[in-house]
Amino acid sequence: MEILSKLLFCAVNILSGKILEWLLIMLDVDKDTKIKGSVTLRRFLISTWLLNPFPVVIAARGSADVIPSILVLITIYFLMKAKYDSFNSKANIVISAFFFGLSVHFKLYPVIYGFPFIFFINPNYLKKDRPFLRYIINLPIKVFTSLNIDQLIFGLVSFTTIISLISFFYYIDGWEFLYETYLYHAIRRDPPTKHTQH
């Protein structure tokens, strides 16, 4: 059974290469990007991911880290689709927010991509429009008052997805789920080794 999970994670890693290809094709459509290229360049860039020893070894040893990474790639794909497909932009933002919430629920570290995604949705967010000191003083207020509707949709759907998943699994497993998923990492004490400072 262990070999099946390793094969699953390797397959997900290969699927992430396909999603990277879709992203590069979408970048090639953009008139503003500097990445213009042939199929050869695209294949080279995808190969740097697929043949990179770190993702290969991580997937092959059965680590689930490839799951949040592919969920983040799917989030980026739908955010870029929202940028280029104005007809379905709101639907694509909702889909990307759902996958972002799913990735944060699966492993907590993708939360660091939240701010870059917010800035990608609205590149003019928090643009400096006054002298530096006045800008810094007004920044805490401007963080919340200058959000556009797409940013609000992304934030609310992501938050709702995370809270819904936490509530569902709390309903199934109770306190044990919260402790082992979130609280254990905050209160654990690793045994000291010769390399740690005491």
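A quick note: this is a predicted structure, and the numbers were derived from the prediction, not measured.

Draft legend 1. Up close: the overall build of the chain. Scanning the chain from N- to C-terminus turns up nine helices and zero strands. Of all 198 residues assigned to the chain, the portion counted as buried reaches 31%. For the chain, the proportion of contacts with a sequence separation of at least 24, taken over those separated by at least 6, is 65%. If you sum the accessible surface of the chain, you get close to 13400 Å²; carbon and sulfur atoms cover 69% of it.

Draft legend 2. Just the environment of Val72, in detail. Within the element layout of this structure, Val72 appears in helix H4 (residues 66–84). Overall, Val72 belongs to the buried group, its relative accessible area being 8%. Sequence separation between Val72 and Tyr113 is 41 residues, and the spatial gap between their C-alpha atoms is 8.4 Å. The contacts of Val72, once residues within four sequence positions are left out, are Ser103, Pro110, Tyr113 and Phe117.

Draft legend 3. Spotlight on the environment of Phe100. Along the chain, Phe100 falls in helix H5 (residues 89–106). With 55 residues separating them along the chain, Phe100 and Gly155 place their C-alpha atoms 9.7 Å apart.

Draft legend 4. Just the packing of H5 against helix H8 (residues 149–173), in detail. Between H5 and H8, the least distance of the axes is 8 Å, while the angle of their chain directions is 40 degrees. As the angle between them shows, H5 and H8 are arranged oblique. Handedness of the crossing formed by H5 with H8: right-handed. When H5 is examined against H8, the residues Lys90, Ile93, Val94, Ser96, Ala97, Phe98, Phe100, Gly101, Leu102, Val104 and His105 are found in contact with a partner set consisting of Ile149, Asp150, Ile153, Phe154, Val157, Ser158, Thr161, Ile162, Leu165, Ile166 and Phe169.

Draft legend 5. Spatial organisation of the side chain of Asp150. Looking at the secondary structure, you find Asp150 in helix H8. Asp150 has contacts with Lys90, Ile93 and Ile121, leaving out every residue within four places of it along the chain.

Draft legend 6. Examining the packing of aromatic side chains more closely. Scanning the model with the defined rule gives twelve aromatic pairs in all. Their ring planes at 55 degrees and their centres at 5.2 Å tell us that Phe119 and Tyr125 sit as a pair that is tilted. By relative accessible area, Phe119 is classed as partly exposed at 33%. Ring pairing ties together the aromatic residues Trp22, Tyr77, Phe78, Phe98 and Phe99, which thus form one cluster.

Draft legend 7. Highlighting helix H3 (residues 53–60). The backbone nitrogen of Phe54 lies 3.1 Å from a side-chain oxygen of the residue at the head of H3, namely Asn52. Directly beyond the C-terminal end of H3, a positive phi value near 90 degrees is found at Gly62.

Draft legend 8. Up close: a nonpolar patch on the surface. Residues Tyr170, Trp175, Tyr179, Leu183, Tyr184 and Ile187 make up a contiguous nonpolar surface patch of about 610 Å² in total accessible area. In terms of residue count, the dominant contributor to the nonpolar patch is helix H9 (residues 175–187) (five residues).

Draft legend 9. Molecular detail of the side chain of Arg42. Assignment of secondary structure puts Arg42 in helix H2 (residues 39–50). For the buried Arg42, which has no salt bridge, the nearest side chain bearing the opposite charge is Glu21, at an N-O separation of 4.4 Å. Beyond its immediate sequence surroundings of up to four residues, Arg42 is in contact with Glu21, Leu24, Ile25 and Asp28.

Draft legend 10. Region of interest: the layout of surface pockets. Of the volumes computed, that of the largest pocket is approximately 450 Å³. Considering the residues around the largest pocket, the lining is formed by 18 residues, among which Phe100, Gly114, Phe115, Ile118 and Gly155 are closest to the centre. Secondary-structure elements contributing two or more residues to the lining of the largest pocket are H5, helix H6 (114–121), helix H7 (132–145) and H8. Among the elements that take part in the lining of the largest pocket, H8 stands out by supplying eight residues, more than any other. Residue composition of the lining of the largest pocket, by class: 14 nonpolar, four polar and no charged. For the second largest pocket, the calculated volume is near 270 Å³.

Conventions adopted
Residues numbered from 1 in each chain as written. Predicted model: local features only at pLDDT ≥ 70, side-chain atom pairs only at ≥ 80, totals over all residues. Heavy atoms only, no water. Helix = DSSP H or I, 4+ residues; strand = E, 2+ residues; numbered from the N terminus. Buried < 20%, exposed > 50% of the residue type's maximum accessible area, 1.4 Å probe, protein only. Contact = heavy atoms within 4.5 Å. Areas by Shrake-Rupley, 256 points an atom, 1.4 Å probe, with all protein chains shown as cover. Axes fitted to C-alpha atoms, helices over the stretch in contact; angles between N-to-C directions. Parallel < 35°, antiparallel > 145°, perpendicular 65-115°, else oblique. Left-handed = near helix turned anticlockwise from the far one by under 90°. Phe/Tyr/Trp six-rings, centres within 6.5 Å; stacked < 30°, edge-to-face > 60°. Polar contact = N/O pair within 3.5 Å; in protein donor to acceptor, adjacent residues only side chain to side chain. Patch = residues over 30% accessible without salt bridge, like charges linked within 9 Å, V, L, I, M, F, W, Y side chains within 5 Å. Salt bridge = Lys/Arg side-chain N within 4 Å of Asp/Glu carboxyl O. Lys, Arg positive; Asp, Glu negative; His and termini not counted. 1 Å grid on protein atoms, 1.4 Å probe; cavity = no way out; pocket = protein on both sides within 12 Å on 5 of 7 lines; lining within 4 Å. Points joined across faces, edges and corners; volume = space filled by probe spheres on them. Nonpolar A, V, L, I, M, F, W, Y, C, P; charged D, E, K, R; others polar.

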